[in-house]
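# Fold and contact review
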Amino acid sequence: MTRHPLIKTAWVLFAALFLTVQGLSQAHAITNGGVDHTHDGVACDVALVTAEQAVITPPADIPELVILPSRETGFIAPTSFEYRQFEGRAPPPRGPPLQF
């Protein structure tokens, strides 16, 4: 992002302020339970949106497993692995040899 420590500190403080205000707002909404209330004669707009909604989960639809017949190919899977060894050598070096 940036190397200046003052800007980094400002971003951290801004994020902390944002999260603190969000937390206080949610705590206030939970405390009042979503009912209409006022603060010094002014109606408070912070309320729980999901206070009266019920969460309904639909039943899980599990499809039936269908196994289709396959054609016989005559292929027999190997039961053990064969370790192949190559007879080649490494490619030649790209530069002149180093001399000490």
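A quick note: this is a predicted structure, and the numbers were derived from the prediction, not measured. (Residues numbered from 1 in each chain as written. Predicted model: local features only at pLDDT ≥ 70, side-chain atom pairs only at ≥ 80, totals over all residues. Heavy atoms only, no water.)

## Re the overall build of the protein chain
Scanning the protein chain from terminus to terminus reveals one helix and two strands. Put simply, the protein chain runs from its N terminus to its C terminus through helices and strands in the order α-β-β. Looking at the protein chain as a whole, 3% of its 100 residues are labelled buried. Per element, the accessible surface of the protein chain, about 11,000 Å² overall, is 62% carbon and sulfur. (Helix = DSSP H or I, 4+ residues; strand = E, 2+ residues; numbered from the N terminus. Buried < 20%, exposed > 50% of the residue type's maximum accessible area, 1.4 Å probe, protein only. Areas by Shrake-Rupley, 256 points an atom, 1.4 Å probe, with all protein chains shown as cover.)

## Comments concerning a nonpolar patch on the surface
Among the surface-exposed residues, I7, W11 and F14 lie close enough to one another that they form a single nonpolar patch of about 340 Å² accessible area. By the secondary structure assignment, W11 is in helix 1 (residues 5-32). (Patch = residues over 30% accessible without salt bridge, like charges linked within 9 Å, V, L, I, M, F, W, Y side chains within 5 Å. Salt bridge = Lys/Arg side-chain N within 4 Å of Asp/Glu carboxyl O.)

## Digging into unusual backbone geometry
The phi dihedral of D40 is positive, around 55°, even though this residue is not glycine. Secondary-structure assignment places D40 in the loop between strand 1 (38-39) and strand 2 (42-43).

## Section: helix 1
Look at helix 1: 41 Å from first C-alpha to last across 28 residues, which is about the 40 Å you get at 1.5 Å a residue. Immediately beyond the C-terminal end of helix 1, within one or two residues, lies G33, with a positive phi of roughly 70°. (Expected span 1.5 Å × (residues − 1).)

## Quick notes on the packing of aromatic side chains
One pass over the full model with this rule turns up one aromatic pair. A centroid spacing of 6.3 Å and a plane angle of 85° characterise the contact between W11 and F14, whose relative ring orientation is edge-to-face. You can see W11 and its partner F14 sitting in helix 1, three residues apart, about one turn around the helix. Assessed through its relative accessible area of 48%, W11 is described here as partly exposed. (Phe/Tyr/Trp six-rings, centres within 6.5 Å; stacked < 30°, edge-to-face > 60°.)

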